[in-house]
Structures are given as structure tokens and as C-alpha cells.
Amino acid sequence: MNTRRDFLQKLAASAIAFPSITSFAAATVPVVGCNTPYDGPVLRVAIMGLGSYGTRVAEAMQSCKKAKLVGAISGTPAKLKNWQAKYNIPEKNCYNYENFDAVRNNPDIDAVYVITPNALHHDQVIRVAKAGKHAICEKPMAVNAKEGQEMVDACKQAGVKLLVGYRMHFEPHTLEVIRMRKAGQFGTIRFFQGLTGFTIGDPTQWRLNKQLSGGGSLMDIGIYSINGSRYMVGEDPVWVTAQETKTDKVKFKEGVDETIQFQLGFPSGAVASCLSTYNMNNLDKFFLDGTGGWAEMWPSTGYGPIKGRTHLGELNQPIVTHQTLQMDEMSGILLAGEQPVVPVDGAEAVKDLKVIDGIYASVASGKRVDLQL
Ligand code: NDP
């Protein structure tokens with residue numbers, strides 16, 4: 001199966017072959033570990049959905065200092081057994097999809113990280129909230145803004161926090177470009193380009209089943225260009241236009257987009273031009289242009305190493321394991337009330353879902369759609 005993990009590994013390898021980035025220095029900074037002593041609060045996390053990405057997060061959490069994997073929720077008993085042995089998870093912290101509401105009676109779990117197919121996030125996060133636990137949810141948080149808002153409301157009502165796995169919001173190269181933009185080093189921002197896509201494999205996977213995915217490439221990978229346009233430009237878009245192309249109507253059925261191009265307009269007059277696809281490789285690139293300079297990130301959202309350069313030269317931020325950093329930072333947000341530079345809460349995710357709704361509406365109508373984020 002051509003998993004996203006495979007894709008990103010291939011992407012990292014293939015990026016080296018591109019002449020325009022061969023001048024980038026090889027990553028020499030070691031992966032940031034968590035070796036410094038820490039005796040503050042530790043976020044005790046149960047992962048729900050022990051699939052490809054859940055496994056990646058579990059592995060990365062082994063290097064966390066502020067977060068610890070303590071529980072697992074799965075529909076596959078064999079995986080639970082495996083995780084219990086591998087990560088030293090006690091039986092009492094293991095659940096399935098029928099009984100996980102009982103996590104409410106488990107004082108040893110602070111948060112549940114939902115890493116299941118997109119369309120399941122809504123009900124699962126609401127059940128987590130009702131069980132009185134903080135919820136961390138993978139992107140896209142839901143399949144539309146209405147469901148996303150219901151999740152935000154449910155968490156608020158239950159008095160728990162809702163965070164979304166926007167790992168790039170903690171990534172050092174990304175944060176450096178944001179810092180430079182805020183410091184005015186690019187002048188007035190005029191343009192953003194986001195190219196995100198990969199060639200998807202196995203036609204039977206849930207990502208190509210609208211009931212489980214909520215859509216196609218836009219939900220899965222195009223969301224990085226949507227979210228990225230917002231944190232790179234530093235504004236929320238006020239309109240969108242979008243066009244869909246489909247070369248394979250068997251693999252990409254009704255409601256499952258293969259390729260969508262979309263354009264966003266921002267209050268300042270800045271514009272974005274983006275491509276989301278399940279039918280092209282080597283697309284993981286951001287470009288930001290202002291009156292005083294520019295930034296390019298390529299790869300921009302893969303697992304890394306992220307690379308970037310600006311009109312002032314190459315970016316040399318530390319290379320990190322995104323999920324390790326994310327979970328440590330999320331611990332600080334959930335347990336110590338820390339504020340991230342770029343929000344990672346449910347309200348932030350609803351904004352992206354409103355853009356997704358707008359893109360699909362524009363594809364359907366052929367018209368520009370106004371947005372109110
Ligand atoms: P996988 O298919 O690899 O894993 C999903 C897991 O969800 C399954 O292994 C299964 O675990 C569980 N599951 C529960 N119900 C179903 C069902 N009906 N069909 C299939 N699986 C089910 O997907 P990924 O791990 O790649 O993606 C999961 C989520 O993570 C998605 O929302 C995706 O967008 C997001 N993601 C985020 C990434 C990021 O970089 N932030 C990267 C990759 C994915 P079990 O057997 O334990 O029940």
C-alpha cells in the first residue's frame with residue numbers, strides 16, 4: 001500500500017534530486033531530543049486508532065519529556081496486545097470503540113489522541129469530551145465546519161480542551177518564517193503559493209471512501225496548503241475560487257477529489273494560489289512573496305527535514321521530530337496553559353474546515369465564494 005509515510009519518505013529522497021534545492025546544506029543538526037531533565041507535569045495520553053500515523057506518534061512520544069503514552073484504544077485486539085508489550089501499557093488503560101467511554105473512570109489518562117479516519121473524528125472526540133478528557137484530534141478535525149463547530153462546542157460544554165495535530169505549528173523553520181514575516185522582513189505580503197500532493201496507491205483504502213474520508217486529496221493533503229496559507233500570509237482569507245480536474249473517475253469516485261486548484265483572497269489584498277492532488281508526486285512546497293522579500297519552503301510540510309530559504313539566505317533551524325515536539329508543546333498547552341505562536345485549538349481547525357466547505361462549494365457552483373472565518 002502506498003501509505004502517506006511511504007510517500008513522505010519518497011518525497012524526502014526525491015527532493016534531493018531537484019537542482020533548485022541541491023544547494024541546500026544537508027541537515028547536520030541532530031534531531032532534537034528531550035534529554036534535559038524535566039520534573040514538571042506530564043501529559044498522560046491514550047492514542048485512539050493504532051494505524052500508520054498513530055504508530056508514528058507512539059514512536060515519537062518515546063522521546064517526549066512532557067508527554068507519555070499510557071493508553072490505547074483500538075478495534076483490533078492483536079494491536080492492543082502488541083502495543084501493551086511494546087510501550088508497557090497496562091491492560092486497564094486499553095479500550096475498544098465500544099467501551100472507551102469508560103475512560104472517564106480512569107484517573108491515569110489525561111487526554112485521548114484521536115488518529116482514526118476523518119469522518120469518525122466528530123463522534124469520537126465528542127465521546128472523549130463527554131468522558132471528561134482533553135481531546136487531541138488529527139487533521140482534518142472533521143469533514144465540514146458544522147461538525148467541527150459541534151466538536152468545539154461539546155469540548156467547551158464538557159470543560160475540556162480540544163487541540164488538533166497541526167504539527168507544523170511547532171516546526172522551527174516554519175516558525176522562523178512566521179517570525180520574519182511578523183518582523184516585517186518580507187515587507188507587505190502579496191502572494192502565497194502552496195503545492196501539496198502525492199500519488200495515492202491502493203484504491204480500496206479509506207482515504208478514497210467518501211463515507212470515511214469526507215472527500216479526497218483536499219481533506220488529506222490540500223489542508224496543509226489551506227492552513228499554511230493562513231499562517232504564512234498571517235491573515236484569514238475572505239474569498240475562494242476553486243476548480244477540480246479528475247483523470248480517473250473509477251479510482252476517484254463522486255465526492256472524492258483527485259486534483260483541486262484553489263485561489264484565496266485576503267483582506268489586505270494578498271492572494272494565494274494552491275494545488276491539492278492525489279495524482280502527482282514531489283509536491284510539498286510553499287512560496288511566500290512580499291514587497292521586501294520572499295521565503296521558500298521545500299519540503300514544507302512533510303515529516304522532515306523541512307528546508308527553507310529566504311531572500312536573506314538559507315534557513316538553518318534545528319531538525320526536529322515533529323510529533324515529539326508537538327506532544328511536548330501540547331502538554332504545555334493542556335497542563336500549563338501555554339499559548340502556541342500559531343493556535344492549534346479546535347477554533348483554528350474550524351477555520352480550515354470553512355475554507356474546505358468554500359472550496360467544495362466553489363467547485364460545485366463555478367463561482368467565487370465569500371468566506372467568513
Ligand atoms: P490508517 O488507515 O493507517 O490508520 C487508521 C486507524 O484507524 C486504523 O488502523 C484503525 O486502527 C482505526 N480505524 C477505526 N475505524 C476504522 C475504519 N472504519 N477504517 C479504517 N481504520 C479504522 O490511517 P492514518 O493513520 O494514516 O490516518 C489516520 C488519521 O491521521 C487521519 O485523519 C489522517 O488525516 C491523519 N494523519 C495525519 C498526519 C499528520 O502528519 N498530521 C499524517 C497521516 C495521517 P485500529 O485497528 O487500532 O482500530
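Reference entry: report on the structure contained in this document.

Reading the values: rules and limits
- Residues numbered from 1 in each chain as written.
- Predicted model: local features only at pLDDT ≥ 70, side-chain atom pairs only at ≥ 80, totals over all residues.
- Heavy atoms only, no water.
- Axes fitted to C-alpha atoms, helices over the stretch in contact; angles between N-to-C directions.
- Helix = DSSP H or I, 4+ residues; strand = E, 2+ residues; numbered from the N terminus.
- Parallel < 35°, antiparallel > 145°, perpendicular 65-115°, else oblique.
- Left-handed = near helix turned anticlockwise from the far one by under 90°.
- Contact = heavy atoms within 4.5 Å.
- Nonpolar A, V, L, I, M, F, W, Y, C, P; charged D, E, K, R; others polar.
- Buried < 20%, exposed > 50% of the residue type's maximum accessible area, 1.4 Å probe, protein only.
- Arc of directions from axis to C-beta.
- Pairing = 2+ DSSP bridges.
- Core = buried A, V, L, I, M, F, W, Y, C linked by side-chain atoms within 4.5 Å.
- Near = heavy atom within 4 Å.
- Polar contact = N/O pair within 3.5 Å; in protein donor to acceptor, adjacent residues only side chain to side chain.
- Areas by Shrake-Rupley, 256 points an atom, 1.4 Å probe, with all protein chains shown as cover.

Here we take up the packing of helix H8 (residues 217–233) against helix H10 (residues 346–365). Relative to each other, H8 and H10 sit at 115 degrees, their axes nearing to 10 Å. Considering their axes alone, H8 and H10 lie roughly perpendicular with respect to each other. Here the hand of the crossing between H8 and H10 comes out right-handed. Residues Leu218, Met219, Ile223, Ile226, Asn227 and Arg230 of H8 pack against Glu348, Lys351, Asp352, Val355, Ile356, Ile359 and Tyr360 of H10. Grouping the amino acids of the contact of H8 with H10 by side-chain chemistry returns eight nonpolar, one polar and four charged.

Here we come to helix H3 (residues 77–87). Here H3 has its buried residues at Leu80, Trp83, Gln84 and Tyr87. Seen along its axis, H3 keeps its buried residues to an arc of 105 degrees; they face one direction. In H3, the exposed residues that point more than 90 degrees away from the buried face are Ala78, Lys81, Ala85 and Lys86. In this structure, the buried residues of H3 make contact with strand E1 (43–48), helix H2 (52–61), strand E2 (67–73) and strand E3 (94–95).

Attention now goes to the pairing of strand E10 (residues 271–277). Here is the key point about a regular strand: its side chains alternate between the two faces of the sheet. Of all seven residues making up E10, five are buried, and the element is well covered by its neighbours. Here strand E7 (residues 189–197) pairs with E10 via seven bridges, running parallel. By the bridge assignment for E10, Thr196 is matched with Ser276. The sheet contact formed by strand E9 (residues 259–265) and E10 spans seven bridges and is antiparallel. Across the sheet, Gln261 pairs through a bridge with Leu275, a residue of E10.

Moving on, we get to the packing of helix H4 (residues 121–130) against helix H5 (residues 145–158). Orientation of H4 relative to H5, taken along the N-to-C sense of each, is 5 degrees, at an axis distance of 9 Å. With respect to H5, the element H4 is oriented roughly parallel. On H5, the residues that touch His121, His122, Val125, Ile126, Ala129 and Lys130 of H4 are Glu147, Glu150, Met151, Ala154, Cys155 and Ala158. Residue composition of the contact of H4 with H5, by class: seven nonpolar, two polar and three charged.

Sheet architecture is open: six strands sit in the order E3-E2-E1-E4-E5-E6, paired in parallel fashion. Every other strand in the sheet has two partners, leaving E3 and strand E6 (162–164) as the edge strands with one partner each. In the sheet, strand E4 (residues 111–114) pairs with strand E5 (residues 134–137) via four bridges, with the strands oriented parallel. Across the sheet, residue Val114 finds its bridge partner in E5, namely Cys137. Running over the sheet, H2 touches E1, E2 and E4 and is turned about 160 degrees from E1.

Once that is clear, we can look at the nonpolar core. With 104 residues, the main nonpolar core has Ile47, Met141, Phe262 and Met327 as its most contacted residues. Of all the elements, H8 adds the most residues to this core, at nine residues. What Met141 contacts, discounting residues up to four positions off in sequence, is His121, Gly148, Met151, Val152, Leu162, Val164, Gly346, Ala349, Val350 and Leu353.

Quick look at the site of the ligand now. The ligand sits among 28 residues. The nearest are Ser74, Thr76, Lys79, Tyr97 and Arg167. Between an oxygen atom of the ligand and a side-chain N or O atom of Lys79, the distance comes to 2.6 Å. Measuring from an oxygen atom of the ligand, one finds a side-chain N or O atom of Arg167 at 2.7 Å. For the ligand, whose accessible area on its own is 880 Å², the fraction buried by protein is 84%. Secondary-structure elements contributing two or more residues to the shell around the ligand are H2 and H8. Here the residues of the shell around the ligand sort into 11 nonpolar, 10 polar and seven charged.

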